[in-house]
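Structural description and commentary
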Amino acid sequence: MSDDETLAGLLHAFVEVELRGALTLDDAYACKVKYLGKKGLLTELSRTLGSLAPEQRRARGQEINEAKAAAELAYEARCAALKAEAEARELGVFEDLTWIPPTPPGTLHPVTRTRRALERVFASMGFDVVDGPHVEWARYNFDDLNIGPDHPARDMADTFFVSPPAGSRWSPGDLVLRTHTSPVQVRTMLTRRPPIRIVALGTVFRRDDDATHSPMFHQIEGLCVDERVSMADLRATLYRFVSAFFERPLEVRFRPSFFPFVEPGAEFDMQCPFCGGKGCSVCKGSGWIELGGAGMVHPAVFEACGIDPERYTGWAFGFGIDRMAMLMHQIHDLRLLFEGDVRFLEQFPC
Ligand code: FA5
């Protein structure tokens, strides 16, 4: 075998190796041009045949032609393989028909999480967690809570009234979407005898709508009824609750206020859990955060529920769960909680 014969064979081997490394059709074509194009290496080699003696020319010519044909075949084969790979990549997701694309795990809504955390703390303090309906008797929502017929809360502008079913014996005004969780106090006192220690958490509805008020929101109600229950017990319970919930001792303070179903009544604040009362942006420099309303159960409520106000005393409190969730997660607009925007909700992984 002469040097030139070896050269044709070598060039053929190079074509094979380079084509194997071609990752696109363009790469393969560039390789074909390099060896088989007008100025390609194998083409150039053919041009040298003229200078050979006739007896050498035939054998060398055959060798070069075989190398060119093999290179052409290798090029066709590589192109076919690259096309097949591209098709398989495109159809890749359908190859395994049992394959289910992975979905990110869901997370609990911040209000649900806050609600469950509240339930856990109060349950650990010996409270039963009870429930009440969203569509409530106006009697339980208002009358039995000493909220008289002329109270502004009963106005159509504040309350969603529910039309009674056609043909029923109920009058318009008998049914409401509960405006607070306090009617669960009535339901509990009508069905249980003291000692009573319950919390009720749930959805309530009011004709409110702005950055800090939603027409649908959540409250927690606490009720304790027994002999010799006092405002001091209420304060101690709220102190124990906020300290357990925020896992650090936090003071609670009362400010006199009025709710028809308690006497005396108060609004209660807790020491800011973020600055410990020194003053920060969350508590707006005051060191205190407003939580809700509280007070001693009004004797008129006991009477409406058949509990002897001479023998028993009780206290109750109520506050917004959504505001607590906003506080814990530093959310500034209440409406974000209820828009259902997944991009917002994904920021609260479990
Ligand atoms: C009441 O609803 C009383 N039932 C609380 C109570 C219970 C007082 C027991 C005494 C004894 P108030 O209307 O202030 O109170 O509401 C309590 C809390 O609900 C508020 O402090 C606030 O956190 C929250 N809240 C009230 N309205 C809205 C609203 N539209 N959107 C979101 N949160 C609200």
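Refer to the structure presented above.
In what follows, the accompanying structure is described. (Residues numbered from 1 in each chain as written. Predicted model: local features only at pLDDT ≥ 70, side-chain atom pairs only at ≥ 80, totals over all residues. Heavy atoms only, no water.)

As a structural note, the neighbourhood of the ligand is formed by 24 residues, with His180, Ser182, Arg206, Asp208 and Gln219 the closest of them. Backbone polar atom of Gly320 to an oxygen atom of the ligand: 3.5 Å apart, as the coordinates give it. Between an oxygen atom of the ligand and a side-chain N or O atom of Arg323, the distance comes to 3.3 Å. Compared with its free state, where it exposes 680 Å², the ligand has 90% of that area covered by protein. Counting residues per element, the ones that place at least two in the shell around the ligand are strand 6 (216-226), strand 9 (288-297) and strand 10 (313-320). (Near = heavy atom within 4 Å. Polar contact = N/O pair within 3.5 Å; in protein donor to acceptor, adjacent residues only side chain to side chain. Areas by Shrake-Rupley, 256 points an atom, 1.4 Å probe, with all protein chains shown as cover. Helix = DSSP H or I, 4+ residues; strand = E, 2+ residues; numbered from the N terminus.)

Following Pro194, the chain continues into Pro195 via a peptide bond in cis, with omega recorded as 5°. Checked against the element boundaries, Pro195 lands in the loop between helix 8 (183-191) and strand 5 (196-205). Here the bond from Glu263 into Pro264 is cis, since omega is -5°, no more than 30 degrees from zero. Here Pro264 is to be found in strand 8 (residues 262-271). Positive phi values are uncommon outside glycine, yet Asn146 reaches one of about 70°. For Asn146, the location among the structural elements is in the loop between helix 7 (138-141) and strand 3 (161-162). Backbone geometry places Lys284, a non-glycine residue, at a positive phi of 55°. You can see Lys284 is positioned in the loop between strand 8 and strand 9.

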